[in-house]
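Okay, here's what each chain looks like letter by letter:
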Amino acid sequence: MSILVVGSVAIDSVKTPFGERAEALGGSATYFSIAASFFNRVNIIATVGEDFPPEYIRLFKNRRIGIGGLHVAKGKTFRWKGWYDYEFNTAHTVYTHLNVFKNFKPEVPRELRKSKHLFLANINPELQYNVLRQLERPRLVAADSMNYWLEHKKKEFERLVGKVDILLLNDSEARQFSGESNLVDAARFIVSAGPKVVIIKRGEHGVMYFSKNSRFTAPAYLLESIRDPTGAGDTFAGGLVGYLSKTPRINEASMRKGIIYGSILASFAVEDFSVNRLLGISIGDIHARYRRFRTQTRF
Ligand code: AMP
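Before going into details, it helps to say that this report is about the structure given with it. (Residues numbered from 1 in each chain as written. Predicted model: local features only at pLDDT ≥ 70, side-chain atom pairs only at ≥ 80, totals over all residues. Heavy atoms only, no water.)

A word on helix α5 (residues 154-161)
Thinking step 1. Looking only at α5, the buried set comprises Phe157, Leu160 and Val161. On an axial view of α5, the arc spanned by its buried residues comes to 95°, and they lie on one face.
Thinking step 2. In this fold, the buried residues of α5 make contact with β8 (117-120), α3 (125-134), β9 (140-144), α4 (147-152), β10 (166-170) and α6 (171-178). (Buried < 20%, exposed > 50% of the residue type's maximum accessible area, 1.4 Å probe, protein only. Helix = DSSP H or I, 4+ residues; strand = E, 2+ residues; numbered from the N terminus. Arc of directions from axis to C-beta. Contact = heavy atoms within 4.5 Å.)

Here's the deal with the pairing of strand β2 (residues 10-16)
Thinking step 1. Where burial is concerned, most of β2 is hidden: 6 out of the 7 residues are buried.
Thinking step 2. The pairing of β2 with strand β3 (residues 19-26) spans 6 bridges and is antiparallel. Residue pairing for β3: alanine 10 is matched across the bridge by glycine 26.
Thinking step 3. As consecutive antiparallel partners, β2 and β3 are separated by 2 residues.
Thinking step 4. Here β2 runs beside strand β6 (residues 79-83); their pairing, made up of 5 bridges, is parallel. Bridging across to β6, serine 13 finds its partner in lysine 81. (Pairing = 2+ DSSP bridges.)

Quick look at the site of the ligand
Thinking step 1. The local shell around the ligand holds 15 residues, among which Ser8, Asp12, Gly27, Gly231 and Asp234 are the closest.
Thinking step 2. The separation between a nitrogen atom of the ligand and a polar side-chain atom of serine 8 is 2.9 Å.
Thinking step 3. Here aspartate 234 contributes a side-chain N or O atom positioned 2.9 Å from an oxygen atom of the ligand.
Thinking step 4. Taking 510 Å² as the accessible area of the ligand by itself, protein coverage stands at 79%.
Thinking step 5. At the level of secondary structure, the elements contributing two or more residues to the shell around the ligand comprise β2 and α8 (232-245).
Thinking step 6. Considered class by class, the residues forming the shell around the ligand number 6 nonpolar, 7 polar and 2 charged. (Near = heavy atom within 4 Å. Polar contact = N/O pair within 3.5 Å; in protein donor to acceptor, adjacent residues only side chain to side chain. Areas by Shrake-Rupley, 256 points an atom, 1.4 Å probe, with all protein chains shown as cover. Nonpolar A, V, L, I, M, F, W, Y, C, P; charged D, E, K, R; others polar.)

As for the packing of α3 against α5
Thinking step 1. Two elements in contact, α3 and α5, have axes separated by 8 Å at closest approach and are oriented at 30°. Relative to α5, the element α3 is oriented roughly parallel. Crossing handedness for the pair α3 and α5: left-handed. Along its contact with α3, which presents Pro125, Glu126, Gln128, Tyr129 and Leu132, the element α5 presents Glu156, Phe157, Arg159 and Leu160.
Thinking step 2. When grouped by side-chain class, the residues that make up the contact of α3 with α5 number 5 nonpolar, 1 polar and 3 charged. (Axes fitted to C-alpha atoms, helices over the stretch in contact; angles between N-to-C directions. Parallel < 35°, antiparallel > 145°, perpendicular 65-115°, else oblique. Left-handed = near helix turned anticlockwise from the far one by under 90°.)

With respect to the packing of aromatic side chains
Thinking step 1. Tallied over the full model, the rule gives 15 aromatic pairs.
Thinking step 2. An angle of 55° between the planes, with centres 6.1 Å apart, marks the rings of phenylalanine 18 and phenylalanine 88 as tilted. Taken together, the positions of phenylalanine 18 in the loop between β2 and β3 and phenylalanine 88 in the loop between β6 and β7 (92-97) put the pair 70 residues apart, joining distant regions of the chain.
Thinking step 3. The positively charged end of arginine 63 is found above the aromatic ring belonging to phenylalanine 38, 4.8 Å away from the centroid. (Phe/Tyr/Trp six-rings, centres within 6.5 Å; stacked < 30°, edge-to-face > 60°. Lys NZ or Arg CZ within 6 Å of the ring centre and 35° of its normal.)

Notes on the environment of phenylalanine 119
Thinking step 1. Here phenylalanine 119 is to be found in strand β8.
Thinking step 2. With a relative accessible area of 0%, phenylalanine 119 lands in the buried category.
Thinking step 3. Each C-alpha atom, one on phenylalanine 119 and one on leucine 140, is 8.5 Å from the other, the two residues being 21 residues apart in sequence.

Things to note about unusual backbone geometry
Thinking step 1. Although it is not a glycine, arginine 64 adopts a positive phi angle of roughly 60°.
Thinking step 2. Mapped onto the fold, arginine 64 is located in the loop between α2 (54-62) and β5 (66-73).
Thinking step 3. Backbone geometry places asparagine 99, a non-glycine residue, at a positive phi of 50°.
Thinking step 4. Looking at where asparagine 99 falls in the secondary structure, it is placed in the loop between β7 and β8.

Considering the pattern of salt bridges
Thinking step 1. Going through the model one piece at a time under the given rule, you end up with 13 salt bridges.
Thinking step 2. Salt-bridge contacts for arginine 79 lead to glutamate 23; the nearest nitrogen and oxygen are separated by 3.0 Å. Taken as a pair, arginine 79 in strand β6 and glutamate 23 in strand β3 lie far apart in primary sequence, 56 residues in all.
Thinking step 3. In the salt-bridge network here, residues are joined through shared partners; they are Glu23, Asp51 and Arg79. (Salt bridge = Lys/Arg side-chain N within 4 Å of Asp/Glu carboxyl O.)

Here's the deal with the sheet that holds strand β12 (residues 207-211)
Thinking step 1. Strand order across the open sheet formed by 9 strands is β5-β4-β1-β8-β9-β10-β11-β12-β13, with mixed pairing between neighbours. The open sheet has two free edges, formed respectively by β5 and β13 (215-218), since each of these has just one partner strand. Each adjacent strand pair in this sheet contributes to an overall mean axis angle of 15°, direction not counted.
Thinking step 2. Alignment of strand β11 (residues 197-201) against β12, held across 5 bridges, turns out to be antiparallel. Note on β12: the bridge partner recorded for isoleucine 199 is tyrosine 209.
Thinking step 3. The sheet contacts of α6 involve β10 and β11, and relative to β10 the element is tilted by about 105°.
Thinking step 4. This element, α8, spans β1 (3-6), β8, β9, β10, β11 and β12 of the sheet and lies at about 160° to β10.

What follows is the structure, given as structure tokens:
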């Protein structure tokens, strides 16, 4: 019952009001897989260049993250550079160098086609759809996207969302896709477009969950220090899908718990640059914060 993720494995350079890191490990599949690896075995489908540092490969191996589908291509690894000011919900991109990602055609190795849980991180929706079709009979499919694809590949995105169980979008993407400014209206529109569930991520304001018949809202964990919000969304997805992959039943109650685990994982990720904080915690730290989250939100 393992997890498969397709997305980016990247080298990021990030600046925030609390510091700066150059050429650090990043990418949506990276954040997702490290978060989900606290719960279950994860396999990555992605591509990197020949310059990808061997210590990062070791890092995946040490966490028992499967890299049989991590293709090393001729050329340079995907690079992203961005900065944030005190308003952490908006990333300002300095550059996106696609490099080997330009020719990325994800192929799911035969032995991974039986994977039961799939996360389609933010890449071209045509590629996401292609990966989905290669799986035999997944139990859970979750997908993420970004404003660029909603604008430039709307039709392909619409075809994809008809096939996913959970669609994750941030608030501005949900408004853009639905053409609604009220998020409840936006969520209603999105659910009518296909996914069983939409989860709208609102950064420090928490998340909103909508299905046809129910709604749930969770605040973000109250943090003392936030240094770098990069990867929070993918880390959230890793906690959510990781938790759900281990539950005997995926239903309303387990989704709610999964959302809290996702929020907890994301709260750790933003405490330091790159994946540094995630590498320093244990499942015990996650459960402890889960209990504190309960106290913070009980009334
Ligand atoms: P998030 O903060 O959750 O939106 O994700 C940030 C991660 O996404 C960074 O580590 C980047 O390397 C990666 N990223 C940025 N732009 C793209 C893109 N166009 N395609 C794939 N991954 C990207």
